[in-house]
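Coordinates in review
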Amino acid sequence: MKRWIALATLLVALSACSGRTVVTADVDVLSFLDEVDLSQEVTVPGSIEVYLPDADDNLFTPDGGYLVDSVPLLDQLTGFGVRVEIELENTGSDTLDIAASFRLAPASDSANIYDGNNDVALAEATASLAPGATQTVVLEASLAQGDPNLDSITSDGFRIGLDVGITGSSTVRYRLTGFALTLSQRPFDLIVP
């Protein structure tokens, strides 16, 4: 009798679902990053680029970014969203110009996800920081079904990273205060052609 009740409950639950049902996974990337990637103070001798999260133990050289491969829903995604918040503080005596971008690449692009080869800048933002000023830069983007950039995300995973270019002669303190991904899928797309 218990099996019949369980089967009936499952059938009722499935009948409530349709081809329009969307399953969403929210991924807090900050919880996976090393402490060194979350906050640093960097001296800017004219111009530098910082790459986060750091995969090669050198913030100033481009690398493969962060591989996201242990998340359900990677097959046949219908949507992808990202929101990154970077708090910047100019602790020096000269104005700094900031240009930040969020990069997305296939899992196979492990050498350099910042070179424009198989990777894409999904979100970009700029800021100008006077000495002593603090500002939060927000990078936000979304992809919907049919967007060719969504094809970068496969069952093998995908790579993400931030490229923060800083120009000026000063010192900057950065802190990642938010880094979240939203992955969406219609599970019954797998059953219905």
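One structure accompanies this document, and this report is about it. Everything quoted here is computed from the prediction, not taken from an experiment.

1. Quick look at the side chain of N112
Tracing the backbone shows N112 in the loop between β5 (96-106) and β6 (120-129). Looking at N112, its side chain comes within polar contact range of the main-chain nitrogen of Y114, at 2.8 Å. Discounting residues that sit within four places of it in the chain, N112 has contacts with P62, D63 and D119.

2. Here's the deal with unusual backbone geometry
Here the bond from L52 into P53 is cis, since omega is -15 degrees, no more than 30 degrees from zero. Residue placement: P53 occurs in the loop between β2 (39-52) and β3 (66-68). Positioned with a positive phi, D57 is a non-glycine residue whose angle comes to about 65 degrees. Note that D57 resides in the loop between β2 and β3. The phi dihedral of N118 is positive, around 75 degrees, even though this residue is not glycine. Within the secondary structure layout, N118 lies in the loop between β5 and β6. Relative accessible area serves as the criterion here: at 56%, N118 is assigned to the exposed category.

3. Overview of the environment of Y114
In this fold, Y114 is placed in the loop between β5 and β6. Distance in space between the C-alpha atoms of Y114 and D63 is 7.5 Å, their sequence separation being 51 residues. Beyond its immediate sequence surroundings of up to four residues, Y114 is in contact with Y51, L52, P62, D63, G65, R103, D119, G161, L162 and D163.

4. So, the pattern of salt bridges
Here the structure, examined in full by the defined rule, presents 6 salt bridges. A salt bridge links E140 to R83; the nearest nitrogen and oxygen atoms lie 2.9 Å apart. A residue pair is termed long-range when its members are at least 10 positions apart, and E140 in strand β7 (residues 134-144) and R83 in strand β4 (residues 79-90) qualify at 57 residues. Overall, R83 belongs to the partly exposed group, its relative accessible area being 33%.

Conventions adopted
Every chain is numbered independently, its residues counted from 1 as its sequence is written. Whole-chain, interface and lining totals are the exception, using all residues; otherwise, since this is a predicted model, local features are given only for residues with pLDDT of at least 70 and side-chain atom pairs are given and counted only at 80 or more. Side-chain measures here rest on the full set of heavy atoms in the structure, leaving out hydrogens and waters. To qualify as a helix, a DSSP run of H or I must reach at least 4 residues; to qualify as a strand, a run of E must reach at least 2; elements of each kind are numbered from the N terminus. Nitrogen and oxygen atoms within 3.5 Å of one another constitute a polar contact, given that in protein one can donate a hydrogen and the other can accept it, and given that sequence-neighbouring residues count only through two side-chain atoms. The criterion used for residue contact is that any of the two residues' heavy atoms lie within 4.5 Å. Relative accessibility decides the category of a residue: with a 1.4 Å probe and only protein chains considered, values under 20% of the type maximum give buried, values over 50% give exposed, and everything between is partly exposed. Salt bridges, as used here, are contacts in which a Lys or Arg side-chain nitrogen is within 4 Å of a carboxyl oxygen on Asp or Glu.

Structural measurements only, silent on function.
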